[in-house]
Amino acid sequence: MTMDSGTGSDSDSGSSGREFEIVREFEVDSPPRDVWEAFTTGTGGWLWPMVYEPRVGGDAARDAVVTVWDPPRRLAIRSDRLGALPPERNAAHLEHRIEPRDGGRRSWVRHAHGGTFAPGPPDAPEAPGPRGVRGARGLQGAAARRQVTRASRAAQAAQTARAAQDWDDQYEAASKHTDFYLHSLRQYLTYFAGRPVTFTALDAPAAAVDAAAFVRLAQELGLPDDASEGARVRLGAAATELDAVIDFRTTYFIGLRTEDALYRFFGRNHFGRPVALSIHDFAPGADAKGTEAAWHDWLTRLYA
């Protein structure tokens, strides 16, 4: 049985952004070596392809640097190169810890990643008050200046509230994505570990940001509203008939598993971005270009 637990924290680090960390702990029915390979050479099977230079100080994805390389027990990387990070991040770190369980037949895993969320752009400064207010004298002028001060403080408070909400939204998005990615890791370890993979990832057109965009995708797939995790479904999409098991389904994500692939659908419209998908195809001779073209056409028609 897989056990999940998670913690997250965020703390204000001033104008440079807000620090955060997301931690998940769970067990898998895979030996540590398989888990290590999934985190290092097998990321295309459940996340996206990444390459690590296998040494401390070695290169990693997004211009990160390997800070710990201890197979099959611990991997850690760090990046603070702004141009290589998503626009909402100022810094990022990632750590995986793996410990054997049941004589090495199973593993305990601790995943932690965090960094600093970049602050949103500041509001444009308010125009200075009328000359009559700035230069007014006497009681009337004092009252006017107090009114301007109160308005300025209210504007600052509103901006602070918006920044806090922005950080909260970023944390929620990162946390929910983490849970889906780690679920996909467990699916990969259970059904496809070690198999060569062809990876495809696509964003839907910009129109796929409205509130109903992800619901439309599920409907177009032919996914019944009452079909829950564990249900077997036969769906038609992108000139492909999918005989699949629903391995994950929430308001934000859909995971489908076929005999030879993992299909991951991301309702990123909930976080202000277009709907997206990734396909991890383990079939021999999988056609990456053909898969990408077929799903691109399907998404384009769906959100035209």
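Bear in mind that the values here come from a model prediction, so they are computed numbers and not experimental data.

A look at the overall build of the protein chain
In terms of regular secondary structure, the protein chain is built from five helices and 13 strands. Within the protein chain, contacts between residues separated by at least 24 positions form 56% of all contacts whose residues are at least 6 apart in sequence.

Remarks on the confidence of the model for the protein chain
Counting all residues, the mean pLDDT for the protein chain is 83, and 75% of those residues have values of 70 or more. Per-residue pLDDT stays below 50 along residues 1-15; that stretch engages in 39 contacts with residues further than four places along the chain or on separate chains. Ignoring residues within four places in sequence, the model shows residues 157-163, a span with pLDDT below 50, making three contacts including any to other chains.

Quick word on the packing of aromatic side chains
Counted according to the given criterion, the structure contains 18 aromatic pairs. Measuring from ring centre to ring centre gives 5.9 Å for Phe-265 and Trp-295, while their planes differ by 55°; the resulting arrangement is tilted. In this pair, Phe-265 sits in strand E12 (residues 261-266) while Trp-295 sits in helix H5 (residues 288-302), placing the two residues 30 residues apart along the sequence. In this structure Phe-265 comes out as buried when scored by relative accessible area, which is 1%. Directly above the ring of Phe-26 sits Arg-186, whose terminal nitrogen or CZ lies 4.8 Å from the centroid. Here Arg-257 stacks its cationic end above the ring of Tyr-191, 3.8 Å away from the centre of that ring.

Observations regarding the side chain of Arg-264
On the secondary structure map, Arg-264 appears in strand E12. A distance of 2.6 Å separates the side chain of Arg-264 from the side chain of Asp-247, its partner in a polar contact. Setting aside residues no more than four positions away along its own chain, Arg-264 makes contact with Phe-180, His-183, Ser-184, Asp-247, Ile-254, Gly-255, Leu-256, Arg-257, Ala-276, Leu-277, Ser-278 and His-280.

Considering the environment of Asp-168
Here Asp-168 is to be found in helix H3 (residues 138-191). Taking the C-alpha atoms as reference points, Asp-168 and Phe-117, 51 residues apart in sequence, are found 10.0 Å from one another.

So, helix H4 (residues 213-221)
An α-helical segment advances 3.6 residues per turn. Residues three or four places apart therefore align on the same side. All buried positions along H4 are accounted for by Ala-213, Phe-214, Leu-217, Ala-218 and Leu-221. Mapping the buried residues of H4 onto a view down its axis gives an arc of 140°, with all of them on the same face. Along its buried surface, H4 packs onto strand E9 (232-237), strand E10 (240-249), strand E11 (253-257), E12 and H5. Within two residues after H4, Gly-222 carries a phi angle of roughly 90°, on the positive side.

What about the pairing of strand E2 (residues 18-28)?
In terms of burial, E2 is largely enclosed, as eight of its eleven residues are buried. Relative to strand E7 (residues 106-117), E2 runs antiparallel, the two sharing eleven bridges. Across the sheet, Glu-25 pairs through a bridge with Arg-110, a residue of E7.

Overview of the pattern of salt bridges
Charged atoms that come close allow side chains of opposite charge to pair. In the structure shown here, the tally under the stated rule is 18 salt bridges. Among the salt bridges present, the one from Arg-74 reaches Glu-95, with a minimum N-O distance of 2.5 Å. Taken together, the positions of Arg-74 in strand E5 (residues 74-79) and Glu-95 in strand E6 (residues 89-101) put the pair 21 residues apart, joining distant regions of the chain. With relative accessibility at 13%, the residue Glu-95 sits in the buried group. The salt bridge involving Glu-241 is made with Arg-234; its shortest N-O contact spans 3.0 Å. The exposure class assigned to Glu-241 is exposed, which follows from its relative accessible area of 58%. Where salt bridges share partners, they join Glu-27, Asp-29, Glu-99, Arg-101, Asp-102 and Arg-106 into one cluster.

So, how was this worked out
Residues numbered from 1 in each chain as written. Predicted model: local features only at pLDDT ≥ 70, side-chain atom pairs only at ≥ 80, totals over all residues. Heavy atoms only, no water. Helix = DSSP H or I, 4+ residues; strand = E, 2+ residues; numbered from the N terminus. Contact = heavy atoms within 4.5 Å. pLDDT = per-residue confidence, 0-100. Phe/Tyr/Trp six-rings, centres within 6.5 Å; stacked < 30°, edge-to-face > 60°. Buried < 20%, exposed > 50% of the residue type's maximum accessible area, 1.4 Å probe, protein only. Lys NZ or Arg CZ within 6 Å of the ring centre and 35° of its normal. Polar contact = N/O pair within 3.5 Å; in protein donor to acceptor, adjacent residues only side chain to side chain. Arc of directions from axis to C-beta. Pairing = 2+ DSSP bridges. Salt bridge = Lys/Arg side-chain N within 4 Å of Asp/Glu carboxyl O.

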